[in-house]
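Given next are the chains, with one letter for each unit.
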Amino acid sequence: MLFPVFSGSFKSMLTDESDLQVLTALRQGDTNALGIIYDRYGTAVYRLALKIMANTTEAEDLTQEVFLAFWRGMEKYDVDQGTLVIFLLTITRSRALNRIKQQSSQHNLSQRVGNYLPIAHSNPGIEAATLTELRERMSFALKELPDNQKQVLEMGYYQGKSQSEIAQELDLPLGTVKTRSRQGLLKLRQFLQDLVD
Amino acid sequence: MPDIAPLFPPELNPELLAGYVLGDLTPAEIKIVEAYLIAHPEQQAEIHSLMLPLDLLSLTLPADNPPPSLRTQILQSAAEQALISQPVTPLKVKSGRIWRSIFAGLGLTLMAGLGWHNYQLSHELAKVKQDLKTAKITQNQEDTKYQSVVSLLPQPNNRYFSLKNMQGKGGMGSLVMVPNKSVAVLVLQNVAPLPPGQVYRMWAITGDEEMECADFAPDPEGRVLKQIPIKSWAAAKKITITIEQKEATEPEGEIAIEGEI
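Conventions used here
Residues numbered from 1 in each chain as written. Chains lettered and ligands numbered in written order. Predicted model: local features only at pLDDT ≥ 70, side-chain atom pairs only at ≥ 80, totals over all residues. Heavy atoms only, no water. Helix = DSSP H or I, 4+ residues; strand = E, 2+ residues; numbered from the N terminus. Buried < 20%, exposed > 50% of the residue type's maximum accessible area, 1.4 Å probe, protein only. pLDDT = per-residue confidence, 0-100. Contact = heavy atoms within 4.5 Å. Expected span 1.5 Å × (residues − 1). Polar contact = N/O pair within 3.5 Å; in protein donor to acceptor, adjacent residues only side chain to side chain.

Asker: Tell me about unusual backbone geometry, residues and numbers included.
Answerer: Residues and elements named next belong to chain A. At Ala-54, a position not held by glycine, the phi torsion is positive, near 60 degrees. Despite not being glycine, Asp-171 shows a phi value in the positive range, around 55 degrees. Note on placement: Asp-171 falls in the loop between α8 (163-170) and α9 (174-191).

In structure tokens, the structure reads:
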């Protein structure tokens with residue numbers, strides 16, 4: 001299995017146990033459960049870490065940090081609040097941006113990532129989909145997005161840049177960046193609408 | 001672009017909600033949105049739906065894969081941290097090996113205490129013992145302590161307390177109560193030394209009563225491995241470790257470490 005993280009359903013990969021069942025085992029101290037969760041979502045976490053850190057060593061280190069932080073702080077994740085993969089990706093992004101902040105001594109990135117809080121939210125539509133389906137849906141939606149809208153959204157998400165910084169970097173009026181970001185987000189949301197209905 | 005307007009009530013521009021999620025609103029606009037969300041709590045779902053594309057954005061990243069060794073590394077570190085909570089550090093096998101082995105072995109006690117005494121437990125215990133042999137410390141005092149601790153691991157009815165640092169001075173580790181042997185095993189690390197005349201004192205709390213259990217001091221490397229006879233505190237639900245004057249008889253000092261079952 002080359003890409004186990006993208007090869008099956010949330011509810012049946014590697015074992016027949018759901019995320020909830022695996023989490024229950026994990027909370028009872030079963031390190032094998034951590035291995036199952038890593039097999040499911042480790043690659044997704046690593047890819048995001050690599051995208052933000054742009055360094056394989058840093059990405060590996062951050063991936064380890066994320067899973068061990070998750071292992072140690074299980075009480076912080078409430079299964080009723082959302083899907084596990086989104087939770088893991090959210091904390092990966094947050095920690096990656098904080099690392100970059102520490103490396104570059106920039107001002108607090110956490111204050112400029114908007115209201116995109118590191119809190120997962122319940123979404124039965126997402127939980128019912130496979131990771132492969134979600135990736136394909138998201139890839140399709142991104143392809144439909146104008147490049148200039150995609151560009152500002154990705155700069156904000158992966159680089160943690162504020163819209164003012166994006167405007168400055170792209171030499172665009174702030175209003176243009178805001179419009180492109182908002183319209184891009186609304187359009188993406190529209191393409192994923194059935195997942196949240 | 002799909003028609004998005006019908007998803008939102010006419011009084012609120014949908015771009016404001018998008019801007020709210022993206023964090024690009026002015027303070028005045030934030031107030032408008034938050035007031036709107038208070039008046040229309042059902043619209044929180046719209047906020048969540050707008051977060052979804054950001055949640056899923058990274059799934060489209062190129063197919064770079066982590067090295068297979070990363071999985072092993074993470075699981076090994078987790079096994080080490082099953083007992084103690086501390087920052088992630090790479091596995092080392094030379095200095096301090098015996099202590100890590102002890103912690104790893106006691107981590108397995110946790111699993112045993114929770115009913116996870118299984119094949120992996122036996123396998124890992126064997127590994128710990130092999131580690132000790134490899135480190136050639138079979139005849140020294142630490143090995144004696146270790147063997148004594150290991151002999152307690154398979155006991156049924158063991159109770160486990162995870163102990164945490166309360167003030168940046170004490171250490172972290174655990175207490176394993178072995179009722180069948182009327183003994184508890186205290187394992188700590190990163191415990192700060194104390195001035196002369198002061199000791200760390202462990203208290204067991206049962207209901208409103210605090211019972212003195214034992215005094216101890218860390219070794220020069222900040223480690224504690226101590227067996228403590230269980231007297232009348234076998235039913236304790238909470239353990240505290242305070243810093244006391246040696247002659248003190250009541251828990252008057254500051255709490256350095258504590259943990260609950």
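Asker: Give me the lowdown on the environment of Glu46(B), citing residues and values where you can.
Answerer: All names here are of chain B. Mapped onto the fold, Glu-46 is located in helix α3 (residues 44-56). Residue Glu-46 is classed as buried on the basis of its relative accessible area of 13%. With 32 residues separating them in the primary sequence, Glu-46 and Pro-14 have C-alpha atoms 9.5 Å apart.

Asker: Give a description of the confidence of the model for chain A that names residues and reports values.
Answerer: Note that predicted coordinates carrying low pLDDT should not be read in detail. Residues and elements named next belong to chain A. Looking at chain A as a whole, the pLDDT averages 78, with 76% of positions reaching at least 70. Counting interchain partners and residues more than four positions distant, the pLDDT-below-50 stretch residues 1-14 has 43 contacts. Taken as a whole, residues 106-120 scores under 50 in pLDDT and shows 43 contacts with residues more than four places along the chain or in a different chain.

Asker: A description of helix α3 (residues 56-72) of chain A should follow, citing residues and the corresponding values.
Answerer: Residues and elements named next belong to chain A. With 17 residues, α3 should reach 24 Å at 1.5 Å per residue; the first-to-last C-alpha distance of 24 Å fits that figure. Along α3, the positions that sit buried rather than exposed are Ala-59, Leu-62, Thr-63, Gln-64, Val-66, Phe-67, Leu-68, Ala-69, Phe-70 and Trp-71. The N-capping residue of α3, defined by a side-chain oxygen 2.9 Å from the backbone nitrogen of Thr-57, is Asn-55.

Asker: Residue-level account of the confidence of the model for chain B, with values.
Answerer: Residue and element names in this part refer to chain B. Summarising the model, chain B shows a mean pLDDT of 70, and 63% of its residues fall at 70 or more. For residues 1-7, every residue scores under 50 in pLDDT, and the model assigns this stretch 14 contacts once sequence neighbours within four places are set aside. Residue range residues 83-99 is modelled with pLDDT below 50. Its contacts to residues more than four positions away, or to other chains, number 44 contacts. ipTM for the predicted complex: 0.78, alongside a pTM of 0.54.

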